[in-house]
Amino acid sequence: MAARCVEIADAIVTAINAQSFSLAFTAVRRWLWYQEVSEIVTQSPVVSVLPRDVLINRPASSREQQNRQHGIVIAVQQKLPETGETAEIDALILLSQEIYEFLEPTAASAALEPSGAGYVMTEHEDGRLYDEDDLRLRLFTSLMTFVYSDLR
């Protein structure tokens, strides 16, 4: 049996990998996104799904359900060429947007629920569209944070 945040992250990985996007990649659940260009060994985009935070809201009455909120970070990263990276960055921005829109709360996002878990996306917030410091190091990084609720 896995932790709830891991179940959510695994369900997101499965849903993302079943979808078609403008660039080819395989999403993977990780605990850390890449911090250094040298850590990325592929020229393809790297999409990491990271369980991040768990916040438990305890009800005043023990008869009420607990609400656990699970933060999930999606990291889109790619090593950039030494020159002429504009087209690559444009394509990665588009990919990040596509993933973000795919994970937005809609009737279709019910497919992200692990079996019988009852997760509902309650809010989402985008981080920076890209990390300027990483760009200077020839690494594209886009981070998106989503929050899911699990009522118990």
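Keep in mind that this is a model prediction, so the values were computed, not measured.

Colleague: Give me the overall build of the protein chain: which residues, what numbers.
Modeller: On a plain count of helices and strands, the protein chain comes out with three helices and five strands. Start at the N end of the protein chain and walk to the C end: the helices and strands fall as α-β-β-β-α-β-α-β. Within the span of the protein chain, comprising 152 residues, buried residues form 41% of the whole. Considering only intrachain contacts with a sequence separation of at least 6, the fraction spanning at least 24 residues in the protein chain is 65%. Carbon and sulfur atoms make up 50% of the accessible area of the protein chain, which totals about 8600 Å².

Colleague: I'd like a description of the packing of aromatic side chains, backed by residues and values.
Modeller: Summed over the entire model, instances satisfying the criterion amount to three aromatic pairs. Geometrically, the ring pair formed by tyrosine 100 and phenylalanine 146 is tilted, given 5.6 Å between the ring centres and 40° between the ring planes. In this pair, tyrosine 100 sits in helix H2 (residues 86–103) while phenylalanine 146 sits in strand E5 (residues 139–151), placing the two residues 46 residues apart along the sequence. Given a relative accessible area of 0%, phenylalanine 146 falls into the buried group.

Colleague: Can you lay out the confidence of the model for the protein chain for me, pointing to particular residues and giving the numbers?
Modeller: Taken as a whole, the protein chain shows an average pLDDT of 81; of its residues, 75% reach a score of 70 or greater. Confidence scores differ between elements of the protein chain, with strand E4 (residues 119–126) showing the lowest mean pLDDT of 57 and strand E1 (residues 28–29) the highest of 96.

Colleague: Run through the nonpolar core, naming residues and quoting values.
Modeller: Ile12, Ile16, Val49, Ile74 and Ile99 are the most contacted members of the largest nonpolar core, which has 26 residues in total. Only helix H1 (4–17), strand E2 (46–57), strand E3 (67–79), H2 and E5 provide two or more residues apiece to this core. The element contributing the most residues to this core is H2, with seven residues. When near neighbours in sequence (up to four residues on either side) are disregarded, valine 49 contacts Ala9, Ile12, Val13, Ile16, Ala27, Val28, Arg29, Arg30, Ile72, Val73 and Ile74.

Colleague: For H1, give the residues involved together with the corresponding values.
Modeller: If you check H1, its first and last C-alpha atoms are 20 Å apart, about what 14 residues at 1.5 Å a residue would give, namely 20 Å. Those residues of H1 that sit buried are Cys5, Val6, Ile8, Ala9, Ala11, Ile12, Val13, Ala15 and Ile16.

Thresholds applied
Residues numbered from 1 in each chain as written. Predicted model: local features only at pLDDT ≥ 70, side-chain atom pairs only at ≥ 80, totals over all residues. Heavy atoms only, no water. Helix = DSSP H or I, 4+ residues; strand = E, 2+ residues; numbered from the N terminus. Buried < 20%, exposed > 50% of the residue type's maximum accessible area, 1.4 Å probe, protein only. Contact = heavy atoms within 4.5 Å. Areas by Shrake-Rupley, 256 points an atom, 1.4 Å probe, with all protein chains shown as cover. Phe/Tyr/Trp six-rings, centres within 6.5 Å; stacked < 30°, edge-to-face > 60°. pLDDT = per-residue confidence, 0-100. Core = buried A, V, L, I, M, F, W, Y, C linked by side-chain atoms within 4.5 Å. Expected span 1.5 Å × (residues − 1).

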